[in-house]
Every structure is written in structure tokens, then in C-alpha cells.
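# A closer look at the structure
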Amino acid sequence: SPVPRELELLKKEGERIRVLDGQVQALASAMIDTDEVVKQLRIQPKFLTVSQWDYLQKLTDRVYKGASKRLALRFPQLTPADSQLCMLIRLHFSNAQIATLIAVSPASVSQQKFRLKKRMIQADGRLFADGETLDGVIGSC
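Computed from a predicted model, the values in this text were never measured in an experiment. Numbers given for residues are sequential positions, taken from 1 along each chain in its written order. The predicted nature of this model means local features are confined to residues of pLDDT at least 70 and side-chain atom pairs, given and counted, to a pLDDT of 80 or more, with totals for whole chains, interfaces and linings taken over all residues. The basis for every side-chain value is the complete set of heavy atoms in the structure, and neither hydrogens nor water enter the calculation.

### Points about the environment of Phe 75
Here Phe 75 is to be found in the loop between helix H4 (67–74) and helix H5 (80–90). Summary of the burial criterion: residues with accessible area below 20% of their type's maximum are buried, those above 50% are exposed, and those between are partly exposed, where the area comes from a 1.4 Å probe applied to protein chains only. With a relative accessible area of 1%, Phe 75 lands in the buried category. Along the chain, Phe 75 and Leu 116 lie 41 residues apart, while their C-alpha atoms are 10 Å from each other. Any two residues having at least one pair of non-hydrogen atoms within 4.5 Å are treated as being in contact. What Phe 75 contacts, discounting residues up to four positions off in sequence, is Met 120, Ala 123, Leu 127, Val 137 and Cys 141. Elements are defined by DSSP. Helices are runs of H or I of four residues or more, strands are runs of E of two residues or more, and each kind is numbered from the N terminus.

### Brief notes about the nonpolar core
Throughout this description, the term nonpolar core refers to a set of buried Ala, Val, Leu, Ile, Met, Phe, Trp, Tyr and Cys residues connected via side-chain atoms within 4.5 Å. Counting residues in each nonpolar core, the largest one holds 33 residues, and the members touching the most others are Leu 56, Phe 75, Leu 88, Phe 93, Leu 116 and Met 120. Contributions of two or more residues to this core are made by helix H1 (2–33), helix H2 (36–43), helix H3 (50–63), H4, H5, helix H6 (95–102), helix H7 (106–123) and helix H8 (134–139). Top element by residues in this core is H5. It accounts for five residues.

### Here's the deal with the pattern of salt bridges
Here a salt bridge means any side-chain nitrogen of Lys or Arg lying within 4 Å of a carboxyl oxygen belonging to Asp or Glu. Within this structure, the stated rule accounts for seven salt bridges. Glu 13 is the partner of Arg 16 in a salt bridge, and the nearest nitrogen-oxygen pair spans 2.8 Å. Of this pair, Arg 16 and Glu 13 are both found in helix H1, three residues apart, which corresponds to roughly one turn of the helix. Judged by relative accessible area, which is 49%, Arg 16 ranks as partly exposed. Glu 15 is the salt-bridge partner of Arg 18, the closest N and O atoms lying 3.2 Å from each other. Of this pair, Arg 18 and Glu 15 both sit in helix H1, three residues apart, roughly one helical turn. When its relative accessible area of 53% is taken as the criterion, Arg 18 is described as exposed. For Glu 15, a relative accessible area of 40% puts it in the partly exposed group. Look at the salt bridges and you will find they share partners, linking Arg 74, Asp 124 and Arg 126 into a network.

Set out below in C-alpha cells:
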């Protein structure tokens, strides 16, 4: 019967999409990891200047094709600080690095992430119900 054949084709197509998505993620990570500003900030994190914030936002939007606009459209209630935190998470900075970049303690970064997650749940109550991580939700925007 034709249904199992179509189902098999859909499964193959789904697998192909997963492989391609993995390749896109690997390329995006490589673009970020080889960026000189990001490399330097990971080695020696320091409080970010306005021009560095602008640079990181442009990098994020270039690598992830307008991610900041998609994030703002999906979660319009996020504060500018929330958006900056999302960008740093998207660029794979650790909590300790984020703490230095925004001049707070690592415990404060954890609190900010918790509040960010609560705001996202207020916007979409289905988020995190299936065990998604904050990094994963931000990465899907």
C-alpha cells in the first residue's frame, strides 16, 4: 500500500533535515568560535562597552540570520538586559564569563536566567513543559 512508502520517505526526509540542522549548528559554532572578539572575550572576559555589545549583536544576527528580531517578536516583554543575556547565551558564553561581561556575580547570572525563563513561560505556557533548556529555547528563536 502507498501509505507505508510515503511514511518511509517522510522518515528519510526527517533524518536528512536533522543531519543538515546539525551541520548548520556546527558551522554557526565554528563562525562564533573563530571570531577574534569572541575568542578574546572568552580568554579574558571584561565588562563590555557599547561598541562591543553592538559588535556581538551584529555577529549574532549575521550568524543566526536576524535572531535578535525573532527573539523580540516571539518575546516582546523581554527587557534589553534579557535580550543581551539571550545573546550571550546564544554565543555560548559560560555563566562565569557572562558574569564578568555584565559586571555581576555568577549567582546573579543564574537568577537572571531563572527570571528570563519565567518571562518566557508567561509568554508561552507550553515552553519548558517537555524538559527544554533555556539554551535550547533561545537557540530555536
